[in-house]
Amino acid sequence: MQRIENYINGEFCAPDSGEYLDNVEPATGAVYSQIPESNDQDLSRAVAAAKQAFPTWSSTSIEDRSRLLMKIADAVEAASDELAKAEAIDNGKPVTFAKAVDSYRASANIRFFANACTQFASESHGMGNLAVNYTLRDPIGVVGTISPWNFPLYLFTWKIAPALAAGNTVVAKPSEVTPMTAYLFSKICADAGLPKGVLNILHGSGGNIGQQIVEHQDIKAISFTGGTATGKKLAATAAPMFKKLSLELGGKNPTLVFADCDFDNTVKEVVRAAFSNQGQICLCGSRIYIERSIYDKFKQAFIKQVKQLTIGDPLEKTTQHGALVSKPHMEKVLSYIELAKQEGGKLLTGGNRFTVSGRCEQGFFVEPTVFENLPLDCRTNQEEIFGPVCTLQPFDNDDEALTLANGTDYGLATSVWTNDLKRAHRLSKQLHFGIVWINSWLLRDLRTPFGGVKASGVGREGGFEAMKFFTEPKNVCVKY
Ligand SMILES: NC(=O)c1ccc[n+]([C@@H]2O[C@H](COP(=O)([O-])OP(=O)(O)OC[C@H]3O[C@@H](n4cnc5c(N)ncnc54)[C@H](O)[C@@H]3O)[C@@H](O)[C@H]2O)c1
Ligand SMILES: O=C/C=C/C=C(\O)C(=O)O
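Just so we're clear, the structure is a prediction, and the values are computed from it rather than from any experiment. (Residues numbered from 1 in each chain as written. Chains lettered and ligands numbered in written order. Predicted model: local features only at pLDDT ≥ 70, side-chain atom pairs only at ≥ 80, totals over all residues.)

Caption draft 1: Examining the site of ligand 2 more closely. In the vicinity of ligand 2, the residues found are Asn 150, Phe 151, Leu 155, Trp 158, Ile 281, Cys 282, Leu 283, Arg 444 and Phe 450. Looking at the shell around ligand 2, its residues break down into seven nonpolar, one polar and one charged. Looking at the shell around ligand 2, you find at least three residues from each of domain 1 (2-249 + 456-479) and domain 2 (253-445). (Near = placed C-beta within 6 Å. Nonpolar A, V, L, I, M, F, W, Y, C, P; charged D, E, K, R; others polar. Domains from an automatic or database assignment.)

So, in structure tokens, the structure goes:
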């Protein structure tokens, strides 16, 4: 059976412990590879390598850093079919989706920051005839990145690329649930000639090696994407050590559909927003609020399209809805479906585990599921399910829509579907989220600030926000 290896100081190695975790293919339920369970010895070696690599990498010219990142981006793009297939096997997502979204974004992320570092500049503040201040932005040193399983290589590269572009060296931990593309990526980096120690990849479980990365005194900043409960734990460890911290956490995102929307396109896009990646995107719109005058018409059209989603083997090109990432996650999602029923929800479609015959008979498939008749304050509408489950609810006016949308602890993203420009702008101002999409969803410009408010996180990624996070500003004041 294939054994994934750590990537430390430019070398591929077994974990110090000799221990491995099983890696399961969610579409079949079968173990198909093994993951190193890294420990403090592996971490010490990774941090030492990153520390040693830092002086040279941080003083490598921006042009050379950019050129090397471009080379890696090109290699990732050239491997996009292979990476998409690996992602589909490891995560359960449809291979066509993995190619269009995951593989695409992995190379786009790296290319974007290879360019961004050539454009990144800092401010100066003149004090008339008295003095001038200018800001130096130096790389921080050794930084840690910790990423989740839903967009494995997409989010892994979204952190590593700006960290490296800014001149840091990195100790990175992908999710132990989906480690394969990070492993393939380490091979790509080695082949592209990334100097040893600049990027080190440690595999293993979050509570062990993830926690140790956060605790390590020589790792000066942590960029984390994952669940809100994990983020809280991480902040409790990192804050007393005064570490720089970026937290991209969960969401419970509302979709607001107004009667004046472009109906057909809105139905199609709201289905996509709810069920892409089997609903396992932090940005998925799982609370769908519809203006009462079109509620029944929208509900019918929406359910019709949801029922048409093709559930199947993620490796089949026609599959639109694949497996959930793991058995425990599937069980969690199914338990939320039971909870929604207990809370009085009316099931409109779905609600069950789904069996795909053939090689995927034991896979972790759950039908796209839609409920109505659930109030805002019930757990189904307050807690992140992170699966293919959404709720529909009518509203009567803009104020009610706003109250419903803002009515959870989360504040990651929302989408608003209307042709009334004044309303769209007014609501955008009043919606308490990091991201507002008008007549769109997951339309991404990588220059924009990305992140959430409230329990959805602290800080922003993307564009110069990420370059700022991965550098330390220093003001120099020069008196004339
Ligand atoms: N805001 C965003 O951009 C965004 C993007 C994707 C996913 N998410 C969120 O991620 C969650 C799903 O991903 P998940 O289940 O992999 O999240 P998770 O929090 O369980 O794990 C995320 C990562 O943290 C590691 N980890 C776990 N415990 C740790 C600890 N004590 N110390 C350090 N690291 C630890 C895991 O091994 C994994 O690599 C959802 O809540 C989703 O909303 C947020
Ligand atoms: O599931 C979370 C998705 C995160 C997406 C991004 O970070 C992005 O699009 O840059």
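Moving on from the coordinates now.
Caption draft 2: Structural view of the site of ligand 1. Surrounding ligand 1, one finds 31 residues, the nearest of these being Pro 148, Gly 206, Gly 210, Gly 226 and Thr 230. Elements with a contribution of two residues or more to the shell around ligand 1: α7 (206-215) and α8 (228-238). Considering each element in turn, the shell around ligand 1 owes the most residues, five residues, to α7. Taken together, the residues of the shell around ligand 1 sort by class into ten nonpolar, 16 polar and five charged. Lining the shell around ligand 1 are residues from two domains, each supplying at least three of them: domain 1 (2-249 + 456-479) and domain 2 (253-445). (Helix = DSSP H or I, 4+ residues; strand = E, 2+ residues; numbered from the N terminus.)

Caption draft 3: View of the UniProt feature "domain: Aldehyde dehydrogenase" (unreviewed entry) in the protein chain. In the numbering used here, UniProt assigns the feature "domain: Aldehyde dehydrogenase" (unreviewed entry) to residues 15-476. The distance from the first to the last C-alpha atom of residues 15-476 is 45 Å, and the span holds 42% helix and 22% strand. (UniProt positions renumbered as here; feature names shortened; annotations may be inferred.)

Caption draft 4: Focus on helix α1 (residues 40-59). Counted at 1.5 Å a residue, the expected span for α1 with its 20 residues is 28 Å, and the 29 Å between its end C-alpha atoms agrees. At Ala 53, α1 shows its strongest bend, of approximately 40°, with the proline Pro 55 following within four residues. Taken together, the buried residues of α1 touch β2 (6-8), β8 (142-146), β9 (169-173), β10 (199-201) and α7. (Expected span 1.5 Å × (residues − 1). Bend = angle between axes of the 7 residues up to and from the residue. Contact = placed C-beta atoms within 7 Å.)

Caption draft 5: Local environment of the nonpolar core. Membership of the largest hydrophobic core comes to 139 residues, with the highest contact counts inside it found for Leu 69, Val 171 and Val 257. Here the element with the most residues in this core is helix α4 (residues 95-119); it accounts for eleven residues. Looking at which domains feed residues into this core, each of domain 1 (2-249 + 456-479) and domain 2 (253-445) supplies at least three. Filtering out sequence-adjacent residues up to four positions away, Val 257 remains in contact with Thr 266, Val 270, Ile 288, Tyr 289, Ile 290, Glu 291, Phe 298 and Trp 417. (Core = buried A, V, L, I, M, F, W, Y, C linked by C-beta atoms within 7 Å. Buried ≥ 20, exposed ≤ 12 C-beta atoms within 10 Å, placed from the backbone.)

Caption draft 6: Just the sheet that holds strand β18 (residues 369-372), in detail. Strand order in the open sheet formed by seven strands is β15-β18-β19-β14-β13-β21-β22, with mixed pairing between adjacent strands. Bordering the open sheet on either side are β15 (346-349) and β22 (435-438), each of which pairs with just one other strand. For this sheet, the mean angle separating the axes of adjacent strands, direction not counted, is 25°. On top of the sheet, helix α9 (residues 263-275) reaches β13 (253-257), β14 (285-291), β19 (389-395) and β21 (413-417); it is set at about 155° to β14, its chief contact. Lying on the sheet, helix α10 (residues 295-307) is in contact with β13, β14, β15, β18 and β19; it crosses β15 at an angle near 55°. (Pairing = 2+ DSSP bridges. Axes fitted to C-alpha atoms, helices over the stretch in contact; angles between N-to-C directions.)

Caption draft 7: Representation of the domain arrangement of the protein chain within the structure. Domain parsing of the protein chain yields domain 1 (2-249 + 456-479) and domain 2 (253-445). Between domain 1 and domain 2, the residue contacts involve 18 residues of the former and 25 residues of the latter. In terms of residue count, the dominant contributor to the side of domain 1 that touches domain 2 is α4 (three residues). Looking at the side of domain 1 that touches domain 2 residue by residue, the class counts come to nine nonpolar, eight polar and one charged.

Caption draft 8: Local environment of the sheet that holds strand β4 (residues 20-25). Pairing in this open sheet of three strands is mixed, and the strands run β1-β5-β4 from one edge to the other. Lying at the two open borders of the sheet, with one neighbouring strand each, are β1 (2-3) and β4. As paired elements, β4 and strand β5 (residues 30-36) share six bridges and run antiparallel to each other. Counterpart to Leu 21 in the pairing with β5 is Ile 35.

Caption draft 9: Examining helix α2 (residues 62-78) more closely. Over its 17 residues, α2 runs 24 Å from end to end, which matches the ideal 24 Å to within 8%, given 1.5 Å per residue. Buried within α2 are the following residues: Arg 65, Leu 68, Leu 69, Ile 72, Ala 73 and Val 76. Taken down its axis, α2 places every buried residue within 145° of arc, on the same side. Counted as exposed and oriented over 90 degrees from the buried face of α2: Glu 63, Asp 64 and Ala 78. Next to the buried residues of α2 lie α3 (80-91), α4, α5 (152-165) and α6 (180-192). (Arc of directions from axis to C-beta.)

Caption draft 10: Quick peek at the UniProt feature "active site" (unreviewed entry) in the protein chain. UniProt records the feature "active site" (unreviewed entry) at Glu 248, using the numbering of this structure. Along the polypeptide, Glu 248 turns up in strand β12 (residues 244-248). In this structure, Glu 248 is in contact with Phe 224, Thr 225, Gly 451, Gly 457 and Glu 461, ignoring residues within four places of it in sequence.

Caption draft 11: The arrangement of the packing of α2 against α4 in detail. Two elements in contact, α2 and α4, have axes separated by 8 Å at closest approach and are oriented at 165°. Classified by the angle between their axes, α2 and α4 sit roughly antiparallel to one another. For the pair α2 and α4, the sense of crossing is left-handed. Note on element contacts: α4 touches α2 through Ala 106, Ser 107, Ile 110, Arg 111, Phe 113, Ala 114, Cys 117 and Thr 118, opposite Ile 62, Arg 65, Ser 66, Leu 69, Met 70, Ile 72, Ala 73, Val 76 and Glu 77. Each residue belonging to the contact of α2 with α4 can be placed in one class, and the counts come to eleven nonpolar, three polar and three charged. (Parallel < 35°, antiparallel > 145°, perpendicular 65-115°, else oblique. Left-handed = near helix turned anticlockwise from the far one by under 90°.)

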